[in-house]
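# Structure assessment
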Amino acid sequence: MNSAPHGHPNQTTDVDPVTVEVLRNSFVAVAEEMNSTLIRSSYTPVIYEARDCSVGLYNDKPEVLGQAAGLPLFLGNLEAAITATTDKFGRDHYREGDVYILNDSYIVGTHLGDITILSPIFFRGELVGFAATRAHWIDIGAKDRVLPVDSTEIFQEGLRLGPTCLMREGEFVQDVVDIVALNSRFRRSILGDAHAQIAACRIGERRYQDLLEKYGLETVWAATGEIFAQSERLDREVVSAIPDGEYFAEGHLDNDGQSDEPVRVRVKVAVDGSNMRIDLAGSQEQVAGCVNCGLAQAVAACRVGYKLVINPQASVTGGTFRALSVDAPTGSMFNAQEPAACQFYFTPLGLLIDLIVKALAEVLPDHTAAAHYGDSMMLYLIGRDFLHLDGHMGGWGAGIDNDGETALINVTLGDLRNFPVELVESKFPVHFKRYAIRDDSGGPGRTRGGLGTVRDIEVRADDVVLSLWFERAKTPGWGLFDAGDGTPPEVVVHVAGEEPQSLLKVNALPFPRGSTTSARSGGGGGYGSPWERPIERVQEDVLEGFVSRRAAARDYGVVFKADSDEVDLNATERERTTLRKGVR
Amino acid sequence: MSGSHIAIDIGGTFTDIVVQKPSDGQIYIRKVPTSPEEIAETIVNAVQDAIGPSMTCTQLMHGTTAGMNALLQRKGAKVALVTTEGFRDIYLMGRGNRPDMYNLFYQKPEPLVRRRDIFEVRERIGPDGKVEVPLEMRDLEAVAERIEEASYEAVAICFLHAYANPTHEVAASDYLRDRLHRVAISRSSSVAPVWREYERTSTTVLDAYIQPELRRYLSDLDVRLLDGDLCDDLFIMQSSGGLMSSDRAKNVAITTVMSGPAGGAVGATALARQLGHGNFLCVDMGGTSFDMSLVVDGKAATVTESSMEELPLLLPMIEIHSIGAGGGSIAWMEAGGLRVGPQSAGAYPGPACYARGGTEPTVTDASVVLGRIDLGSFAGGSVTLHPERAHESMERLGAELELTPTELAEGICEVVNNRMAGAIRAITVGRGVDPRDFWLVAFGGAGPMHAAFIADELDISTVVVPRHPGAFSAWGMLNAELRRDFVRSFQRIVDPSGTQEVSSALSELKEEAADAVSAEYEACNTITFLPFLDMRYVGQEHSLTLQIDGELSSDPDLLRDLFHESHLTRYGHNNRAEVVEVINLRMAVLGQLLKLPEVGKSTGRKDDPTPDRARMIFDRSEADVFVYSRQSLRPTDTVVGPSAVKEPSCTTIIPPGWTAAVDAVGDLVLQRNRKVTVPVHPDADETNEVRQ
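Not measured: the values here are computed from a predicted model.

The rules we used
Residues numbered from 1 in each chain as written. Chains lettered and ligands numbered in written order. Predicted model: local features only at pLDDT ≥ 70, side-chain atom pairs only at ≥ 80, totals over all residues. Heavy atoms only, no water. Helix = DSSP H or I, 4+ residues; strand = E, 2+ residues; numbered from the N terminus. Rg over C-alpha atoms; globule rule 2.2 N^0.38 Å. Contact = heavy atoms within 4.5 Å. Areas by Shrake-Rupley, 256 points an atom, 1.4 Å probe, with all protein chains shown as cover. Buried < 20%, exposed > 50% of the residue type's maximum accessible area, 1.4 Å probe, protein only. Arc of directions from axis to C-beta. Patch = residues over 30% accessible without salt bridge, like charges linked within 9 Å, V, L, I, M, F, W, Y side chains within 5 Å. Salt bridge = Lys/Arg side-chain N within 4 Å of Asp/Glu carboxyl O. Buried area = accessible area lost by both parts, 1.4 Å probe. Pairing = 2+ DSSP bridges. Axes fitted to C-alpha atoms, helices over the stretch in contact; angles between N-to-C directions. Expected span 1.5 Å × (residues − 1). Polar contact = N/O pair within 3.5 Å; in protein donor to acceptor, adjacent residues only side chain to side chain. Right-handed = clockwise from strand over helix to strand, strands pointing away. pLDDT = per-residue confidence, 0-100. Lys, Arg positive; Asp, Glu negative; His and termini not counted. Charge placed at Lys NZ, Arg CZ, Asp CG, Glu CD. Phe/Tyr/Trp six-rings, centres within 6.5 Å; stacked < 30°, edge-to-face > 60°.

Secondary structure assignment for chain A yields 13 helices and 20 strands. What you see for chain A is a C-alpha radius of gyration of 25 Å, in line with the 25 Å of a compact globule of 584 residues. Structurally, chain A occupies a C-alpha span of about 80 × 60 × 40 Å along its principal axes. Across chain A, the fraction of contacts at a sequence separation of at least 24, relative to all contacts at a separation of at least 6, is 71%. For chain A, the accessible area works out to roughly 19,600 Å², and carbon and sulfur atoms hold 48% of it.

In this section: helix 12 (residues 549-556) of chain A. All names here are of chain A. Inspection of helix 12 places A551, A552 and Y556 among the buried residues, and these make up the whole buried set. An end-on view of helix 12 places all buried positions within 105 degrees of arc, on one side of the element. Positive backbone phi, at 65 degrees, marks G557, one or two positions downstream of helix 12.

What follows deals with unusual backbone geometry. For residues besides glycine, phi is generally negative; the peptide bonds are generally trans as well. Residue K61(A) is joined to P62(A) through a cis peptide bond whose omega torsion reads 0 degrees. Residue placement: P62(A) occurs in the loop between strand 1 (53-59) and strand 2 (64-69). Of note in the backbone geometry, A407(A) takes a positive phi value of approximately 55 degrees without being a glycine. Residue position: A407(A) is located in the loop between strand 13 (387-390) and helix 10 (421-427). Take A407(A): its relative accessible area is 0%, and that puts it in the buried class. Although it is not a glycine, T636(B) adopts a positive phi angle of roughly 80 degrees.

Another aspect to go through is a nonpolar patch on the surface. A cluster of nonpolar side chains, I493(B), V538(B) and V579(B), forms an exposed patch at the surface whose accessible area comes to about 220 Å². Mapping I493(B) onto the fold places it in strand 25 (residues 482-493).

As a further point, take the interface of chain A and chain B. Between chain A and chain B, the residue contacts involve 80 residues of the former and 79 residues of the latter. Counting each side, the surface lost to burial between chain A and chain B is near 6,800 Å², with a carbon and sulfur contribution of 54%. Its largest share of buried area at the contact with chain B, chain A owes to R40(A), R206(A) and E422(A), together 12% of the area lost on that side. For the interface between chain A and chain B, the tally reads nine salt bridges. Salt-bridge contacts for E578(B) lead to R188(A); the nearest nitrogen and oxygen are separated by 4.0 Å. Elements with a minimum of two residues in the side of chain A that touches chain B: helix 1 (17-41), helix 6 (187-215), helix 7 (217-240), helix 8 (295-309), helix 10, strand 14 (430-437) and helix 11 (535-544) of chain A. Of all the elements, helix 1 of chain A adds the most residues to the side of chain A that touches chain B, at 13 residues.

Let us look at the sheet that holds strand 9 (residues 154-158) of chain B. Residues and elements named next belong to chain B. Taken in spatial order, the four strands of this open sheet run 6-5-9-10, and their pairing is parallel. Both edges of this open sheet fall to strand 6 (118-121) and strand 10 (184-187), since each of them pairs with a single strand only. Strand-to-strand, the axes of this sheet are offset by a mean angle of 20 degrees, without reference to chain direction. Where strand 5 (residues 79-84) and strand 9 come together, five bridges link them in parallel fashion. When the sheet's bridge partners are listed, T83 is paired in strand 9 with C158.

A separate point is helix 7 of chain A. Counted at 1.5 Å a residue, the expected span for helix 7 of chain A with its 24 residues is 34 Å, and the 34 Å between its end C-alpha atoms agrees. Burial runs high along helix 7 of chain A: 18 of the 24 residues are buried.

A few words on the environment of S643(B). Residue and element names in this part refer to chain B. Here S643 lies in strand 32 (residues 643-647). In this structure the C-alpha to C-alpha distance between S643 and G376, which are 267 residues apart in sequence, comes to 17 Å. Beyond its immediate stretch of four places on either side in the chain, S643 contacts V625, F626, T652, I653 and I654. Here the side chain of S643 touches V640 through a polar contact of 3.1 Å, landing on its backbone oxygen.

Our focus in this paragraph is the pairing of strand 10 of chain B. A regular strand places its side chains so that they alternate between the two faces of the sheet. All names here are of chain B. Taken together, the four bridges between strand 9 and strand 10 define a ladder with parallel strand orientation. Looking at strand 10, one finds that A154 is bridged to A184. Handedness of the strand 9-helix 5 (residues 167-179)-strand 10 crossover: right-handed.

This paragraph deals with the confidence of the model for chain A. Do not read the predicted coordinates in detail wherever pLDDT is low. Of all residues in chain A, 97% attain a pLDDT of 70 or more, and the chain-wide mean is 92. In the predicted structure, residues 1-11 of chain A sits below a pLDDT of 50 and forms 22 contacts with residues beyond four places in sequence or in another chain.

Moving on, we get to the sheet that holds strand 8 (residues 245-253) of chain A. Residue and element names in this part refer to chain A. One open sheet holds the four strands; their spatial order is 8-9-10-11, and the pairing between them is mixed. Every other strand in the sheet has two partners, leaving strand 8 and strand 11 (324-327) as the edge strands with one partner each. The sheet shows a mean angle of 15 degrees between the axes of neighbouring strands, direction not considered. Strand direction decides the pairing type here: strand 9 (residues 263-272) and strand 10 (residues 275-279), joined by five bridges, are antiparallel. The partner of K268 across the bridge, within strand 10, is D279. Sheet strands touched by helix 8: strand 10 and strand 11. Its angle to strand 11, the strand with the most contacts, is close to 140 degrees.

One pass over the structure, following the stated rule, counts 91 salt bridges over all chains. Ionic pairing is found between D463(A) and R384(A), a salt bridge with its closest N-O pair at 3.2 Å. Residue D463(A) is located in the loop between strand 15 (453-459) and strand 16 (465-469), and its partner R384(A) is located in the loop between strand 12 (378-382) and strand 13; the two are separated by 79 residues in the primary sequence. For D463(A), a relative accessible area of 51% puts it in the exposed group. The partner of E334(B) in a salt bridge is R339(B), with the nearest N and O atoms 3.0 Å apart. Take E334(B) and R339(B): they sit in the same class, and that class is buried. Members of the salt-bridge network, linked through shared partners, are D403(A), R448(A), R533(A), R537(A) and D541(A).

The next subject is a negative patch on the surface. Together, D227(B), D229(B), D232(B) and D233(B) give the surface a local cluster of negative charge. In this structure D229(B) comes out as exposed when scored by relative accessible area, which is 59%.

Once that is clear, we can look at the side chain of Q343(A). Position of Q343(A) among the secondary structure elements: in the loop between strand 11 and helix 9 (346-361). Sequence-distant contacts of Q343(A), defined by excluding residues within four places in its chain, comprise H111(A), L147(A), P148(A), S151(A), E157(A) and C290(A).

Residues and elements named next belong to chain B. Scored by pLDDT, chain B has a mean of 89; 95% of the residues are at 70 or more. This stretch, residues 675-692, has a pLDDT under 50; its non-local contacts, to residues over four places away or in other chains, come to 25 contacts. For this predicted complex, the interface score ipTM comes out at 0.92, while the overall pTM is 0.91.

This next bit is on the side chain of T85(A). Residues and elements named next belong to chain A. Topologically, T85 is positioned in helix 3 (residues 78-89). Look at T85 and you get buried, because its relative accessible area is 0%. Not counting residues within four places of it along the chain, the set of residues in contact with T85 comprises G90, Y94, Y100, L102, L118 and P163.

Our next topic: the packing of aromatic side chains. Tallied over the full model, the rule gives 17 aromatic pairs over all chains. An angle of 50 degrees between the planes, with centres 5.2 Å apart, marks the rings of F89(A) and Y100(A) as tilted. Here Y100(A) lies in strand 3 (residues 99-102) and F89(A) lies in helix 3, a separation of 11 residues in the sequence. On the accessibility criterion, F89(A) (24% relative accessible area) is partly exposed. Seen in terms of ring centroids, Y91(B) and Y198(B) are 6.5 Å apart; in terms of plane orientation they differ by 35 degrees. Their pairing is tilted.

So, on to the environment of C302(A). Residues and elements named next belong to chain A. Within the fold, C302 resides in helix 8. By relative accessible area, C302 is classed as buried at 0%. When the C-alpha atoms of C302 and S189 are compared, they prove to be 33 Å apart, with 113 residues separating the residues in sequence. Those residues in contact with C302 that sit more than four places away from it in its chain are I278, L280, L324, V326, L352 and I356.

Rendered as structure tokens:
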């Protein structure tokens, strides 16, 4: 990743602050327009409803001018795809009207289902930038009909494309279209989505050309330089305020889906003046299971962790991450090499993001939060004629002033919405018995961790199989500063006619009619000593049922009078004193 | 003899009153300050004032904020929510999404009921409407006791799949109504009988939350207006852009939440009819926000899903998008760069030129420095402006950015106009329409000042500043029709047998609707039934709501064609091989009220308009321009830019390159002169081609 600060060679024009600000807003507007186009034109709900996509407008370096993301993890890593394409073909190869496609996990970082489509932008015959899009395609020919949870090499995960010319000077390269189409179970949908991505690129090209026409190349480049400089200044100001030093955090995935060995994730955040370096050395070597990712995606995850803490409200430009550099040793799970499997690339990244925030907590206590429940927590039911896959919401970590939020989507999924019960029951032979907040699952603290959820379902069809991918039982949502952890996840699987069992990951378990699962997602960690939580807030939690009376006494030292909603203040004082001593 | 027609729109700062008298058909506008504690009093006074002694008001159209304010100030009722056993947390959990994706501390919207206000009862309906577990009346008895004990003021009932079979909800609501007195009851199968339990619950809870307050308010108005014989009929504006009787409003409180803003879009549809142009982009720029809505082919664009304060609502509503850009938006410096907004100075301390303690430069200050605001008549003369303060604020920030005060002032306007144009572009592109096919209609205090500049950015050639830009929403209400929306969940594949059933169900729905509105629509001279179907490709979650004529619904081929075509327009593609299904039937019933013909001003004039002169700045250079009083302009007058037209509620700026003409009824129509078209689109033809 090239993130060294540099100015454009042609940057000679002086540009006024008004034009700079107008262009800064215009670049974001162009990206929003590309995004609207992609979402409007896409074929599959995973894009137009779940927003599993992102778009960006880049200059020719490539540095981001404006971007719009549906998923946080797609933050600022489209340029890796552009760079790889330019490296392969050379700048001189590009022609107006060209479109390129790629999905190689080791280049773009994600799983093969995420397809990047990009196009060069020309102005008066000169290469001036790129429009790039990424969207999740419903099927790219993996060994199973859904994301396989048990792949051990990338060749099982679908068609793999390095930088490939999809359209040359406005004409499709039919051979490529045919290869892509022949390798998908849903070729109509994916070709439709390809068209939507191309339409979004075309809008980006035209709007960028309009701006160049209106303001002139020199002015736009000069303004771009200033926009990047502003983003950089803004970030460096915050990073400089962090004491120089090295900050560490470490955690483990439960396993890689193949064995039951925990998988280590280790983070070192080094702050030196206005520079921050995130080093992932010490994290596990690439593993047999499918939890590896390409470097570009590790960089993107580090950027998310950084962005959560450093100027989260500022829009992302080519200057935003100049204060940040990322190292991940080649061959580690964060810089995986062929043939490492990458299907669940996002699982370690959720943990990685939490760990970056944790490493910075001691020096930025009011900009950081305890850990969240951690992963998408996927449940699949696959029948003869249906496929139901569902993520689970869980608890988020508490901050210095706020309880963690209850029942939210995990950090890598952003604005994704869960499925309504009424929709699932209408479309699939699945019956819900209960969908509720999981009481007592939030990590106790001065501010409390958010609570997980409970989803109890029964299958009402024959010949169904169940797959599960639940994580973070061994490193649940941890608390900060003497607070407790959130409760880890648990899935009780009751196959009809057998004894109930607890499982977190399983592949294609036969799941006959009448079988049930009770999926309980984890809570977030607390923040600060639980015995410092104001008594009335503990009381409120008890009255709401989020905390049981037993847990109120055990974790918070708050004792209720028998058969009453009133707190026994004397007993509480005694309990809290004991708790305090117990820690010291 | 018929009395006056009056429309009253309650705004945050001002209440707008539009009166049309039967004697001359002319429209009279008044603006009075809004005093939140005495809104009913204000209305009664306004009506008395307007009609004079021993006269009546035949129709009073009212945009109410009673419901919306109860929500915004969190002063609604204490609500108990009754749910299916096992699902009491649905409302608290929501859909789990995080719109603010890099915010570690994201918090969901504050729910309107606490968890201990939510009660479960044993019952279960399946997705097909079959009863799986009968309603357990003993559970309901226990809930009724709790509601009495804890003195809840309202109850919301939302059971799973109640849209498919409402019998349990109806039984529960009947039981609770009998058992509990003075408790308002809202059930989801009546408020929003469509699927998706969280959104439906949220809609039902909101209805229950604002219902008691809205009832109190409307009953009070009834007593004062109707019993006082001041007024024959009181109509309330709905969020959908139609009117309803105040009696009905008491039972469907939730439909009033966007009562005021809906008036603007309705006004634009009336303009569309009058001007013979179907496509309008309505922009309302006030002190803190910039609101946009669309009229496409003469119809206000509506949505069936939206949100208030982040709480979802499943209701037909005028589609209104808002961004935080207004006269009060503050310009500031970040990391060496100029920024405008989203922070607003509001009314207090307000822009620097208000001299109320605000010192930071705002968009309004910029307009003052550029000479674009008439100092004497700002906000109807209610605020005295201090141009020297505006200058000082520009000087301070300008020095830091190395800009002169006028350069900064023009820059601030440029930035904010560009952002507003960008927001419009994203909305139109998302809908699959091209902004260049639209006219801009500008109203609100600051809209007419910025409209031509926004139009330039979007390559829009025509801007309309309606004849009453400061009271356009109220004027829209005066022109509105009665409307009532019926919806029934009805899932069928579009094939010969499915459409047969759809068609007969629609006929049933029409009969039901006709019965239901008969009393309310007594005063209407014509009643129109508009059937709609919510359709989608099998497998999609969201649907398109399409208006159909009765015959169409029984012909599967025509119906499918209509859907494929609409899908292509809205989403850019379609799939004729895929199976299409109907999921909801909708029937809108419109009732045309007897309107007084609006009489325009005469073209004759007593004397020539004698414009004032002012110094204004355009494109970094000062110009000596004419400022006309709107009052003095007559139909067929034209005003060449650069110039301005002032009136008590706002100033319209006609920039260089634009010409304004007054139409027959007094609207100001601005057009860009052909030869000075600003943003160049050399590939305009190609653009059209690609967009198809």
